[in-house]
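Given next are the chains, with one letter for each unit.
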Amino acid sequence: MGLIPAALVFASLLGCTPDGDPASERAAYRDALRSGACEAVPAGALADDCWIAAASKRPESAHSEAERTASCARVTDPRQLGECYFTVAELLGEPALCLEAAPFADDCALHVVSIAFAKADAPTEAFATEQIARSGLAVDDPRPWSAYYREVLGRVRPLDRSACAAASPDHREACEQTALALFADRLNQARDRKQFTCVDGAPQPPWPDLVAFQPDPAFEQAMATRGDLCKPRDVPR
């Protein structure tokens, strides 16, 4: 999710200010986008867009979290308000801001905690629990845990589902199911990249490095039941 570029929003809003002087309002809007002084823009869609643009300046602009959230708080349209907080949460990597991102709070939380997992050098369950709790998601929600284990398992080659034995009992099933989903995704990627050696329409070992896995009956069964790994168009005619 991301903001629609301000220029596009501005183009869509031209002529949509029935009260006051549209030309002067548009001029105030253009000036405010450059200066950040959105107070000069009459309340309405143009003002909302200005405040969102002010809140969503890139991190290198040195705007503080307080300044960004103060800009979001000036947005009047509920959906735009949620999008503003979503964008700031993503920019700053701050999952707690997703609590203000309704009606996108869940999407925001899942997105921002996934980014946090990916950026961590060695994410742990304790770190994941902290990030999930700060985002407003329930700590027993399987969705963020799936994102966590996808990141952790995805860093290891060959794929090894036995690593889930080290997961806490409450999260072990999420880990194992995520391993199977990750393996299925890799099978799809290898198929789409035409990496399988196919004979009579069936894949043959050695398997592509992309789908390498430690011996595991669940992975072997998953591969055996996939009749699409050698597409008809991939088989030599």
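Heads up: the structure comes first, above all this text.
What counts and what doesn't
- Residues numbered from 1 in each chain as written.
- Predicted model: local features only at pLDDT ≥ 70, side-chain atom pairs only at ≥ 80, totals over all residues.
- Heavy atoms only, no water.
- Helix = DSSP H or I, 4+ residues; strand = E, 2+ residues; numbered from the N terminus.
- Buried < 20%, exposed > 50% of the residue type's maximum accessible area, 1.4 Å probe, protein only.
- Contact = heavy atoms within 4.5 Å.
- Areas by Shrake-Rupley, 256 points an atom, 1.4 Å probe, with all protein chains shown as cover.
- Axes fitted to C-alpha atoms, helices over the stretch in contact; angles between N-to-C directions.
- Parallel < 35°, antiparallel > 145°, perpendicular 65-115°, else oblique.
- Left-handed = near helix turned anticlockwise from the far one by under 90°.
- Disulfide = S-S within 2.5 Å.
- Salt bridge = Lys/Arg side-chain N within 4 Å of Asp/Glu carboxyl O.
- Nonpolar A, V, L, I, M, F, W, Y, C, P; charged D, E, K, R; others polar.
- Arc of directions from axis to C-beta.
- Expected span 1.5 Å × (residues − 1).

Chemist: Got a minute to help me understand the overall build of the chain in this structure?
Modeler: Counting its regular elements, the chain contains ten helices and two strands. Per-residue burial over the chain gives 37% buried out of 237 residues. Considering only contacts within the chain whose residues lie at least 6 apart along the sequence, 51% involve residues at least 24 apart. Accessible surface for the chain amounts to roughly 12700 Å². Of this, 54% is attributable to carbon and sulfur atoms.

Chemist: Explanation requested: the packing of helix α6 (residues 105-119) against helix α8 (residues 142-154) in the structure shown.
Modeler: Helix packing geometry: the angle between the two helix axes and the distance between the axes. Running from N to C, α6 and α8 point in directions that differ by 25°, and their axes come no closer than 9 Å. It follows that α6 is roughly parallel to α8 by the angle criterion. Viewed along their axes, α6 and α8 form a crossing whose handedness is right-handed. On the side of α6, the interface is formed by Asp106, Leu110, Val113, Ser114, Phe117 and Ala118, while α8 contributes Arg143, Pro144, Ala147, Tyr148 and Glu151.

Chemist: What is the right way to look at the state of the cysteines in this model?
Modeler: Throughout this description, disulfide means a covalent bond between two cysteine sulfur atoms. Across all of its chains, the model carries five disulfides by this definition. Note on cysteine connectivity: Cys98 is disulfide-linked to Cys108, with sulfurs 2.0 Å apart. The sign of the S-S torsion, about -65°, decides the handedness of the disulfide formed by Cys98 and Cys108: left-handed. Placement of Cys98 in the loop between α5 (78-92) and α6 and of Cys108 in helix α6 is noted, with a sequence separation of ten residues between them. For Cys98, a relative accessible area of 0% gives the class buried. Here Cys198 connects covalently by a disulfide to Cys230, the sulfurs 1.8 Å from one another. Residues Cys198 and Cys230 share a disulfide whose torsion about the S-S bond is about -90°; that sign makes it left-handed. Remark: Cys230 occurs in the segment after α10 (217-224) and Cys198 occurs in strand β1 (residues 197-199); sequence separation between them is 32 residues.

Chemist: Honestly, unusual backbone geometry in this entry has me stumped. Any pointers?
Modeler: Glycine aside, negative phi is the norm for most residues, and most peptide bonds take the trans geometry. Of the consecutive residues Arg157 and Pro158, the connecting peptide bond is found in the cis state with omega at -5°. Positionally, Pro158 belongs in the loop between α8 and α9 (172-192). Here Pro205 and Pro206 are connected by a cis peptide whose omega angle stands at 5°. Relative to the helices and strands, Pro206 is located in the loop between β2 (202-204) and α10. In this structure, Lys194 takes a positive phi of about 55° despite not being glycine. Of the residues examined, Lys194 reaches a relative accessible area of 58% and is grouped as exposed. With phi around 55°, Asp200 is a residue other than glycine that occupies positive phi space. Within the secondary structure, Asp200 is located in the loop between β1 and β2. Residue Asp200 is classed as exposed on the basis of its relative accessible area, which comes to 78%.

Chemist: Before we go on, may I ask you to explain the pattern of salt bridges in this structure?
Modeler: Where charged atoms of side chains with opposite charge meet at close range, the side chains can pair. Considering all chains together, one arrives at nine salt bridges under this definition. As a salt-bridge pair, Arg143 and Asp106 come within 2.9 Å of each other at their nearest N and O atoms. Of this pair, Arg143 sits in helix α8 while Asp106 sits in helix α6, placing them 37 residues apart in sequence.

Chemist: Would you explain the packing of helix α3 (residues 45-55) against helix α4 (residues 65-73) in this entry?
Modeler: Interaxial distance between α3 and α4 falls to 8 Å at its minimum, and their mutual angle equals 165°. The orientation of α3 with respect to α4, classified from their angle, is roughly antiparallel. With respect to the hand of their crossing, α3 and α4 are arranged in left-handed fashion. Taken together, the residues of α4 that come into contact with α3 (itself represented by Trp51, Ala54 and Ala55) are Arg68, Ser71 and Cys72. Here the residues of the contact of α3 with α4 sort into four nonpolar, one polar and one charged.

Chemist: Looking at this model, I keep getting lost on helix α7 (residues 125-135). Mind explaining?
Modeler: Every α-helical turn comprises 3.6 residues, leaving residues that sit three or four positions apart pointing alike. Three or more residues of α7 are buried, namely Ala128, Gln131, Ile132 and Ser135. Buried residues in α7, looked at end-on, bunch into an arc of 100°, giving them a common side. Gly136 lies just past α7 and shows a positive phi near 95°.

Chemist: Whenever I open this one, α6 confuses me. Can you help?
Modeler: Here α6 is 15 residues long and its end C-alpha atoms lie 21 Å apart, about the 21 Å a rise of 1.5 Å per residue gives. On its buried face, α6 sits against α5, α7 and α8.

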